[in-house]
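Structure assessment
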Amino acid sequence: MSDEQIAILLASILGDGEITKCYPYDRRINNSYREHFSMGQLSYRQWKHRKLPDLLYLRGNNLVSRSIPLMTKLFPHFYPNNKKHIPFELLDGVHHPAFLLTLYLDDGSLLLSKRFNHRKKEIQFTPHIALYLQAFSKQQLEQLAIFLCERFAVNVRISGTPSGTGYYLKTTKVTDTFQILDLLHPYLLELPAFSYKLDWKTRLTSEIEHYKSTHPDYTVRVSIPARPYSNDEIASLIEWKLRGVTDREIACRLNRTYWSVVYKWRDVKNREA
């Protein structure tokens, strides 16, 4: 299996999937994989099937594997004491961003907290990413947060919830949210139906259209990363934009997120106007 395939499989088992257990008197010799889904998620499961064609196949609204030795070997790592567990010893070799992508699409959401300023007639959006991996303990989620930071340079933190084991992971800074979206954005071409999760421009446009009908006189503003731009950075931004350098390339040069550059350029143009 390739690095991408391993990343997708391991994240799927942690997320929506499960390894089915062989019970006494079961005629099967080996365990198998199963992932139940709603038909609205079909394109995503078809994508998993395309990525792992020799392992997973679709059966109705389930993505499954045959009973194979691989699943039998994986079972005790993921289910010690018959309870789902994060096997960090297996994640040690995972470096492909498809791991984070799969966790996010299986159990994550792009959240928008909203603050209304009725005096100024403004609505401020602050985007967050949540990973609802609520089957795992606080300690395991804290370990996973460290793993994601060390492996993919993204930051998520523990947050409380009344469901599951009481905890999940989420970004607390706008910079961290855009860092994840930038990392996963290349997969938008493969998963266009998930633009509402992977493409900030699509999600923002949808929200603006909604509030145009409910609050037609209000202006929408988006929280931007707190790290200010230096005068030299602003000068470079202006120079590169005039030369036709893309926003994504500018983001790489300035070591900032794509959306940070987009919003900063908008601010610069507004000031010049």
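Structure: above.
This is a predicted model, so every value here is computed, not measured.

Now for the packing of aromatic side chains. By convention here, two paired aromatic rings are described through the distance between centres and the angle between planes. Applying the stated criterion across every chain yields a total of 12 aromatic pairs. Ring centres of Trp47 and Tyr187 lie 6.1 Å apart, and the angle between their planes is 85°; on these two criteria the pair is classed as edge-to-face. With Trp47 in helix H2 (residues 42-51) and Tyr187 in the loop between helix H7 (174-184) and helix H8 (195-198), this residue pair connects regions lying 140 residues apart in the sequence. Ring geometry for Phe147 against Phe152: centres 6.3 Å apart, planes inclined by 85°, an arrangement best described as edge-to-face. Both residues of the pair, Phe147 and Phe152, count as buried. These aromatic residues form a ring-pair network of at least three members: Tyr44, Trp47, Tyr187, Phe194 and Tyr196. Of note, Arg66 hangs over the ring of Tyr57, and the distance from its end group to the ring centre comes to 5.0 Å. In this structure, Arg253 packs its charged tip against the face of Trp240, placed 5.0 Å from the ring centre.

Core analysis: the largest hydrophobic core is formed by 67 residues, its most contacted members being Phe99, Tyr104, Phe147, Leu148, Leu198 and Trp200. The next biggest cluster of nonpolar side chains, apart from the first, holds 11 residues, and it includes Ile234, Val245, Ala251 and Val261.

This part covers the pattern of salt bridges. Scanning all chains against the criterion turns up 13 salt bridges. The shortest N-O distance in the salt bridge between Asp106 and Lys48 comes to 3.0 Å. Of this pair, Asp106 sits in helix H5 (residues 98-107) while Lys48 is found in helix H2, placing the two residues 58 residues apart along the sequence. You can call Asp106 buried: its relative accessible area is 9%. Classification of Lys48 by relative accessible area gives buried; the value is 0%. A salt bridge links Glu249 to Arg253; the shortest N-O distance between them is 3.1 Å. One end of the pair, Glu249, and the other, Arg253, are both in helix H11 (residues 247-254), four residues apart, so they sit about a helical turn from each other. Assessed through its relative accessible area of 35%, Glu249 is described here as partly exposed. Several salt bridges converge on common partners, so that one network encompasses Asp16, Glu35, Arg45, Lys48 and Asp106.

Let's shift gears to the environment of Leu144. On the secondary structure map, Leu144 appears in helix H6 (residues 138-152). Between the C-alpha atom of Leu144 and that of Phe88, which follows or precedes it by 56 residues, the distance is 8.3 Å. Excluding anything up to four places from it in sequence, Leu144 contacts Ile86, Phe88, Leu133 and Leu169.

Turning our attention to H5. Judged by how many residues are buried, H5 sits mostly within the fold: 10 of 10 residues are covered. Ala98, Phe99, Leu100, Leu101, Thr102, Leu103, Tyr104, Leu105, Asp106 and Asp107 are the residues of H5 that are buried.

So, how was this worked out
Residues numbered from 1 in each chain as written. Predicted model: local features only at pLDDT ≥ 70, side-chain atom pairs only at ≥ 80, totals over all residues. Heavy atoms only, no water. Phe/Tyr/Trp six-rings, centres within 6.5 Å; stacked < 30°, edge-to-face > 60°. Helix = DSSP H or I, 4+ residues; strand = E, 2+ residues; numbered from the N terminus. Buried < 20%, exposed > 50% of the residue type's maximum accessible area, 1.4 Å probe, protein only. Lys NZ or Arg CZ within 6 Å of the ring centre and 35° of its normal. Core = buried A, V, L, I, M, F, W, Y, C linked by side-chain atoms within 4.5 Å. Salt bridge = Lys/Arg side-chain N within 4 Å of Asp/Glu carboxyl O. Contact = heavy atoms within 4.5 Å.

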